[in-house]
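The chain contents come next:
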Amino acid sequence: MTSTTTIRLAVTGGGTGGHTYPALTTINTIRTNLAARDTDLDVTWYGTPTGLEARVAAEAGICFRTIATGKVRRSLNLKALATTTVDLAKVPAGLGQAVAELRRFRPHVVMSTGGYVAVPLGLAARIVGVPLVMHEQITTLGLANRILARGATAIALSHATSLDSLPPAARQRAVVTGNPVRPALFDGDSAATHRAHQLDPDTPLVYVTGGAQGSAQINRLITDNLPHLLPHCQILHQCGEAHYDQIKQQTAGLTPEHAHRYRLVPYVSDGLADILAASDIVISRSGAGTLAELTAIGKPSILIPLIPTAGQEQLRNAQTLQTAGAALCLDHATATPDGLRDALLPLLKDPARRQSMARSARSAGQPDAAQRLADLVVTTALRPTR
Ligand SMILES: CC(=O)N[C@H]1[C@@H](OP(=O)(O)OP(=O)(O)OC[C@H]2O[C@@H](n3ccc(=O)[nH]c3=O)[C@H](O)[C@@H]2O)O[C@H](CO)[C@@H](O)[C@@H]1O
C-alpha cells in the first residue's frame, strides 16, 4: 500500500479512563498528523456500551460500535469461578462479531489500548490478517494485553521496565512510547478555573481526584478533614458521580468561611486542563493515566494508591514518584486523616518545595508519548503487506 489517501483505523480499548483517554489522544494526534500530509483518517472505535469509551467517542464524534465481551478474571474462588464461566461464555460471540466487523471495515491497522473489550478485537485482527499495535499503560502487562502480545505486530510500552515482563520473542516487537497525554492539558488557563468556580487566586488551591469513578477512601479522608484543611487552602474535590449526592449532603453543614473555600464536582471533563493549571497540589489515586498527566505537566502531588491493584501497581507507581522527589505517597499505614494533614499542611506552607517537586515530576514525564504512538500506528498501517 503506497498511495493511500485514507487510512482506516480500528481502535479498541476502554472500560476505565486509563484505557480510554490514551486511545482518544492518539486518534486525535494521528488525525492532525495525517491532515498535514493530505491523508484522511477513517476511524471506528470498538468498545462496550457501558464503558467510558462509549461516552468519550460520542463526544468526539468518532464512529463507535459495540462488541459483546466478558470480563476476563484471574482470581479463582467459587464465586469468581461462576462469573468466569458466564463471562468467558461471551468471548466466542464477541470474537465472531469482531471478525465480522473487521471484515466489513477492512482497517489498515488495529490499535488496542487494553481493557477486556480489546481481547476479541485483538484476536480478530490476527484471524483477519490486520496488523495490531497494542499499547500498555502500566508497568506490568495487563491481562488483556498479555493475551494479545503473542500475536501483536508492535507492542507499545509506557515504561522501559515493562520490557522485562514480555516473553523474549515479543521484546523484539516492543517500542517504548510512553503513555499519551491529551495535548489540551498542556494549555490550561488558571484564571478560567478561578472564574468558573469563584475561587481566590491568592489562596493555594488543592485539587482532589479519585479517578474517573471517584474514590470512597479519598472522599472520606477529605470530608473528615475539611475543618482542619480549609483554614490553609481552597479545595476543589472531584468525588465521582456515584458519590456526589452523599458528599454534598455531608458537606452541607460547613461554616460559611469554609464553604466559601470548598467546591465539589462529580466529574471533570472539559475543564481539567484549567483546573490542573490552577492547582498548587493534586491529591489523587496513582493510576497510570493520572500519573502520566501529572508528570507531563509537572504537578506536585500526594498520592493515595488503590490497594490492592494487580501486582500492587498503584502502590509501586506512587512509590516510584516519591523516590524521584515528585510526590508523597500515603500507603496503608499513612492514608489516615492525620497522615493526610501531615503530608499536606507543610507542603502548603513551602512553595520552594512544591517547585522542586514540580521539576522532579516534569523530569519523570513523557510529553511526546502521543506523537510516538501515533507514528508507530501510522508506520504499521503503511507497511507493505507480505
Ligand atoms: C481500578 C483500576 O483498575 N485502576 C486502573 C485503571 O485506572 P483508572 O483508569 O481508573 O485511572 P487512571 O489514572 O489510569 O486514568 C483516569 C483518567 O481519567 C481522567 N479523569 C478522572 C477524573 C475526572 O473527573 N476527569 C477525568 O478526565 C484522568 O485525568 C485520567 O486521564 O487503569 C490504570 C491504567 O490504565 C491503572 O493504573 C489503574 O490501576
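Note that the structure is predicted; figures quoted are calculated from it, not measured. (Residues numbered from 1 in each chain as written. Predicted model: local features only at pLDDT ≥ 70, side-chain atom pairs only at ≥ 80, totals over all residues. Heavy atoms only, no water.)

## Here's the deal with the nonpolar core
The biggest cluster of nonpolar side chains holds 29 residues, and the ones touching the most others in it are Val206, Ile235, Tyr262, Ile283, Ile302, Leu340 and Leu344. When residues of this core are traced back to their parent elements, those giving at least two are β8 (205-209), α9 (216-223), α10 (226-229), β10 (262-265), β11 (281-284) and α16 (337-348). If one sorts the elements of this core by residue count, α16 sits on top with 6 residues. The contacts of Leu344, once residues within four sequence positions are left out, are Val206, Leu229, Ile281, Ile283 and Ile302. Ala23, Ile62, Val133 and Tyr267 belong to the second-largest nonpolar core, a separate cluster that totals 28 residues. (Core = buried A, V, L, I, M, F, W, Y, C linked by side-chain atoms within 4.5 Å. Buried < 20%, exposed > 50% of the residue type's maximum accessible area, 1.4 Å probe, protein only. Helix = DSSP H or I, 4+ residues; strand = E, 2+ residues; numbered from the N terminus. Contact = heavy atoms within 4.5 Å.)

## Notes on the domain arrangement of the chain
By the assigned domains, the chain splits into domain 1 (6-181 + 367-382) and domain 2 (183-364). The C-alpha-based centres of domain 1 and domain 2 are spaced at 29 Å. Across the boundary between the two partners, domain 1 contributes 13 residues, which contact 15 residues of domain 2. Taken together, the two surfaces of domain 1 and domain 2 that pack against each other cover about 1100 Å², and 60% of this comes from carbon and sulfur. Sorting the residues of domain 1 by area buried against domain 2 places Ile138, Val181 and Pro367 first, and these three jointly supply 42% of that buried surface. The interface formed by domain 1 and domain 2 holds 0 salt bridges in total. On inspection of domain 1 and its partner domain 2, the count reaches 2 residue pairs in polar contact (both at pLDDT 80 or more). At the level of secondary structure, the elements contributing two or more residues to the side of domain 1 that touches domain 2 comprise α1 (17-35) and α2 (52-59). The element best represented in the side of domain 1 that touches domain 2 is α1, accounting for 3 residues. Residue classes in the side of domain 1 that touches domain 2 are distributed as 5 nonpolar, 6 polar and 2 charged. (Domains from an automatic or database assignment. Buried area = accessible area lost by both parts, 1.4 Å probe. Salt bridge = Lys/Arg side-chain N within 4 Å of Asp/Glu carboxyl O. Polar contact = N/O pair within 3.5 Å; in protein donor to acceptor, adjacent residues only side chain to side chain. Nonpolar A, V, L, I, M, F, W, Y, C, P; charged D, E, K, R; others polar.)

## Brief notes about the environment of Ala57
The residue Ala57 is located in helix α2 in this model. Overall, the relative accessible area of 0% leaves Ala57 in the buried class. Between the C-alpha atoms of Ala57 and Ala23, which are 34 residues apart in sequence, the distance is 9.8 Å. Apart from the residues lying within four places of it in its own chain, the contact partners of Ala57 are Trp45, Ile62 and Phe64.

## Let's talk about the pairing of strand β6 (residues 154-157)
Covered by surrounding structure in β6 are Ala154 and Ala156 together with Ile155 and Leu157, the residues of both alternating faces. As paired strands, strand β5 (residues 132-136) and β6 are joined by 4 bridges and run parallel to one another. Its bridge partner lying in β6, His135 is registered against Ala156. Handedness of the crossover joining β5 and β6 through helix α6 (residues 143-149): right-handed. Pairing analysis gives 3 bridges linking β6 to strand β7 (residues 174-176), with the strands arranged parallel. Within the sheet, the bridge partner assigned to Leu157 lies in β7 and is Val176. (Pairing = 2+ DSSP bridges. Right-handed = clockwise from strand over helix to strand, strands pointing away.)

## Topic: the site of the ligand
Lining the immediate environment of the ligand, one finds 23 residues, of which Gly18, Val268, Thr290, Glu293 and Glu313 sit closest. At 3.3 Å from an oxygen atom of the ligand is found a side-chain nitrogen or oxygen belonging to Gln137. Glu293 is positioned such that a nitrogen or oxygen atom in its side chain is 2.5 Å from an oxygen atom of the ligand. Elements supplying a minimum of two residues to the shell around the ligand: α1, α14 (288-297) and α15 (313-323). If one sorts the elements of the shell around the ligand by residue count, α14 sits on top with 4 residues. For the shell around the ligand, the residue count by class is 8 nonpolar, 12 polar and 3 charged. Counting contributing residues, the shell around the ligand receives three or more from each of domain 1 (6-181 + 367-382) and domain 2 (183-364). (Near = heavy atom within 4 Å.)

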